[in-house]
Each structure stands twice: as structure tokens, then as C-alpha cells.
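Fold and geometry: a report
One letter stands for each residue in the lines below.
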Amino acid sequence: VRLVESGGGLVQAGGSLRLSCAGRTVRGNSMGWFRQPPGKEGEFVAAITWNGGSTDYADSVKGRFTISRDNVYNMVYLQMNSLKPEDTAVYYCAARRYYSSWYYLPAEYEYWGQGTQVTVSS
């Protein structure tokens with residue numbers, strides 16, 4: 001197992017959760033978070049470069065979510081604040097070895113975790 005997510009759960013709208021992604025594959029790789037809402041296609045959430053120098057977010061989560069990483073402990077985090085019911089989804093972390101301008105596309109990532117469920121109640 002290369003990547004393992006944790007931290008999902010049930011939270012009320014307006015609440016917060018912090019997702020974690022652990023694994024040796026984190027080291028030296030750019031990382032992304034994606035999510036798949038029930039009955040919908042997967043979508044990009046956030047990305048961070050291998051050294052944490054650059055991040056980007058989907059418009060739907062900008063200002064509410066923060067991606068970060070700890071390269072000493074091979075961890076990537078997704079801090080989610082002001083959660084909304086539409087944030088309900090299975091969240092996946094993914095690792096990308098090579099530079100890509102298309103970092104928002106799932107196909108650009110070689111390694112994936114098993115996902116963690118986030119449910120936001122109204």
C-alpha cells in the first residue's frame with residue numbers, strides 16, 4: 001500500500017475536518033486531492049508541488065480548503081473548513097512523479113490511496 005488516507009467522517013455543515021495522507025510515496029512527489037461525490041464523476045480538489053512551494057485549488061473549495069505537506073513525515077493534509085453538504089464525497093489522495101501542467105487531471109497521477117468518506121449533513 002503506497003498511500004493511506006484518514007480523517008474522514010460525518011460533520012455538520014459549517015464544520016471542519018482535516019484529512020491526512022500517509023506513505024513513502026509522498027516523498028519527492030507532487031500530490032493531489034480528488035473527490036468523488038455520490039453518483040458523480042471524480043473531481044479535482046487541490047494540488048501541491050513536491051516541495052510545497054506551489055498549491056492550487058478547485059474554485060469550489062478556494063478559501064475554505066488548505067493543502068499542505070510535511071516531507072519529514074511523508075504526510076499530506078487537506079484542512080477543510082466551512083464544509084457544505086455538497087462537499088460530501090469519497091476523498092482520495094494521489095501522487096504524481098513528474099511535472100505536469102494538467103495536475104488537475106486524475107490521469108496525471110500514478111499512485112492513489114483507497115479513499116476516505118466525508119459526509120456533511122445540512
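Please refer to the structure placed before this passage.
Quick look at the structure, then. The shown structure was predicted, so the numbers you read here are calculated from the model rather than taken from an experiment.

Further remarks concern a nonpolar patch on the surface. A cluster of nonpolar side chains, namely Trp102, Tyr104 and Leu105, defines an oily patch on the protein surface of about 310 Å² accessible area. As for its placement among the helices and strands, Leu105 is situated in the loop between β9 (89-96) and β10 (111-112).

Across all of its chains, the model carries 5 salt bridges by this definition. With its nearest N and O atoms 2.5 Å apart, the salt bridge here joins Glu43 to Arg35. Close ionic contact of Arg97 with Glu110 constitutes a salt bridge, the shortest N to O distance being 3.8 Å. You can see Arg97 sitting in the loop between β9 and β10 and its partner Glu110 sitting in the loop between β9 and β10, a full 13 residues away along the chain. Look at Arg97 and you get partly exposed, because its relative accessible area is 42%. For Glu110, a relative accessible area of 33% corresponds to the partly exposed category. Taken together, the shared-partner salt bridges in this structure form one network comprising Arg35, Glu43, Arg64 and Asp87.

On to the nonpolar core, then. In terms of nonpolar packing, the biggest core is built from 32 residues, with Trp33, Leu78, Met80 and Tyr91 touching the most fellow members. Elements supplying a minimum of two residues to this core: β3 (17-22), β4 (30-36), β5 (43-48), β7 (65-70), β8 (75-80), β9 and β11 (116-121). When sequence neighbours within four positions are dropped, the list of residues in contact with Tyr91 reads Glu5, Leu19, Trp33, Phe34, Arg35, Val45, Phe65, Leu78, Met80, Gly115, Thr116 and Val118.

Conventions used here
- Residues numbered from 1 in each chain as written.
- Predicted model: local features only at pLDDT ≥ 70, side-chain atom pairs only at ≥ 80, totals over all residues.
- Heavy atoms only, no water.
- Patch = residues over 30% accessible without salt bridge, like charges linked within 9 Å, V, L, I, M, F, W, Y side chains within 5 Å.
- Areas by Shrake-Rupley, 256 points an atom, 1.4 Å probe, with all protein chains shown as cover.
- Salt bridge = Lys/Arg side-chain N within 4 Å of Asp/Glu carboxyl O.
- Helix = DSSP H or I, 4+ residues; strand = E, 2+ residues; numbered from the N terminus.
- Buried < 20%, exposed > 50% of the residue type's maximum accessible area, 1.4 Å probe, protein only.
- Core = buried A, V, L, I, M, F, W, Y, C linked by side-chain atoms within 4.5 Å.
- Contact = heavy atoms within 4.5 Å.

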